[in-house]
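Overview (structure and organization)
So the chains spell out like this:
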Amino acid sequence: MTTHHTLDVPGARLHYEVRGTGPLLLVMGSPMDAGAFAPLADVLAVDHTVVTHDPRGISGSTLVDPEQESTPELRADDVAAILDALGADTADVFGSSGGAVTGLALVARHPNRVRTLVAHEPPITEILPDAEEQRAAMDSIVEAFHREGVGAAWMRFMTVAGFDLGEGGAPTPVGEPTPQDIANSVRFFGHELRGTARHVPDTAALKAAPARVVVGIGAESGGLITHRTSVALAGLLGSEPVVFPGDHGGFLGQPEEFAEALRKTLVR
């Protein structure tokens, strides 16, 4: 059974969901909402208490100021507030994409709240040797959004990220976007993408924290920019990435296999 909750935090009201029993595990993305992780969370809930949430400004998590910028630090403080609401001192954390960046900020800002962080393909392009070029590419995505709208921004985003768009030059449609999908995209391109991509992890804090930080990388992500950022982050931390099934969204297509890989990674 999944229970739904709301939590008031400075500047926002957060929506989060709890399912299962066992050790506490937070599963999160950004801009992906709780619904994107439901298949994975359902599998993990067999032996974990799994908490998912909508990041502030996304889906069910509403803002006092809709123009507020989303930063990993702000989102990390929201996650710490959810832990407080749960009465939990610590938790294991799995974050994917922007959620992995949130997790890195969480460990740096609240080091005693995390047991193990699995940071799956964080898109932190500022740590790459060609950071200036990547910054310009991210700017081009935002410019496409303001000039041509959400559809053009997603096309530019997919190209910059390294996804194979196929002979037709576009990904295979998975259905018409809902009004909420569009609103989330507007939020992402208008107020979140730059802050996430330009986050520079505090590697000294990450190394000094009691939390174990594991970098996850998709087995099929070799052509993606997040493969490069994951390898670079692991190098900064002096570790080797852990390989997970699939590509950047492996948890969507292979939730059973992905959950098993995550369970193994969480075991110390």
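Residues numbered from 1 in each chain as written. Predicted model: local features only at pLDDT ≥ 70, side-chain atom pairs only at ≥ 80, totals over all residues. Heavy atoms only, no water.

Bringing the pairing of strand β2 (residues 12–19) into the picture now. Within β2, 7 of the 8 residues are buried, which leaves the element mostly enclosed by the surrounding structure. With 8 bridges connecting them, strand β1 (residues 2–9) and β2 associate as antiparallel partners. Each bridged residue has a counterpart across the sheet, and for V9 the counterpart in β2 is A12. The sheet contact formed by β2 and strand β5 (residues 62–63) spans 2 bridges and is antiparallel. Residue R13 lies in a different strand from β5, and its bridge partner there is T62. Here 5 bridges tie β2 to strand β4 (residues 49–54), and the two strands are oriented antiparallel to one another. (Buried < 20%, exposed > 50% of the residue type's maximum accessible area, 1.4 Å probe, protein only. Helix = DSSP H or I, 4+ residues; strand = E, 2+ residues; numbered from the N terminus. Pairing = 2+ DSSP bridges.)

Now for the confidence of the model for the chain. Per-residue confidence for the chain averages 95 on the pLDDT scale, and 97% of its residues sit at or above 70. Counted against residues more than four places away or in other chains, residues 167–173, with its pLDDT under 50, gives 6 contacts. (pLDDT = per-residue confidence, 0-100. Contact = heavy atoms within 4.5 Å.)

For helix α4 (residues 131–148), spanning 18 residues, the distance from its first C-alpha to its last is 25 Å, which sits close to the expected 26 Å at 1.5 Å a residue. Listed as buried for α4 are A131, Q134, A137, M138, S140, I141, V142, A144 and F145. Considering only its buried residues, α4 is in contact with α5 (150–161), α6 (179–191), α7 (193–197) and α9 (225–237). At the exit of α4 stands G149, carrying a positive phi of roughly 105 degrees. (Expected span 1.5 Å × (residues − 1).)

All right, on to the environment of G95 then. By the element assignment, G95 lies in strand β6 (residues 91–96). Of the residues examined, G95 reaches a relative accessible area of 0% and is grouped as buried. The spacing of G95 and L26 is 69 residues in sequence and 8.0 Å in space, taken between C-alpha atoms. Leave out the neighbours within four places in its chain, and G95 touches M28, A100, V118, A119 and H120.

What follows concerns the side chain of H248. By the secondary structure assignment, H248 is in the loop between β9 (242–244) and α10 (250–253). Of the polar contacts made by the side chain of H248, one reaches the side chain of E121; its length is 2.8 Å. Dropping the residues within four chain positions of it, H248 is found in contact with S96, S97, H120, E121, F163, S221, L224 and T226. (Polar contact = N/O pair within 3.5 Å; in protein donor to acceptor, adjacent residues only side chain to side chain.)

So, about the nonpolar core. L26, L104, V107 and L117 are the most contacted members of the largest nonpolar core, which has 38 residues in total. No other element matches helix α3 (residues 98–109), which puts 6 residues into this core. Once residues lying within four places of it in the same chain are set aside, the contact partners of L26 are V51, V79, L83, A91, D92, V93 and F94. V27, L40, L44 and F251 belong to the second largest nonpolar core, which has 19 residues in total. (Core = buried A, V, L, I, M, F, W, Y, C linked by side-chain atoms within 4.5 Å.)

To continue, consider the side chain of D78. Mapped onto the secondary structure, D78 falls in helix α2 (residues 72–86). For D78, a relative accessible area of 4% gives the class buried. D78 has contacts with V9, L14 and R56, leaving out every residue within four places of it along the chain.

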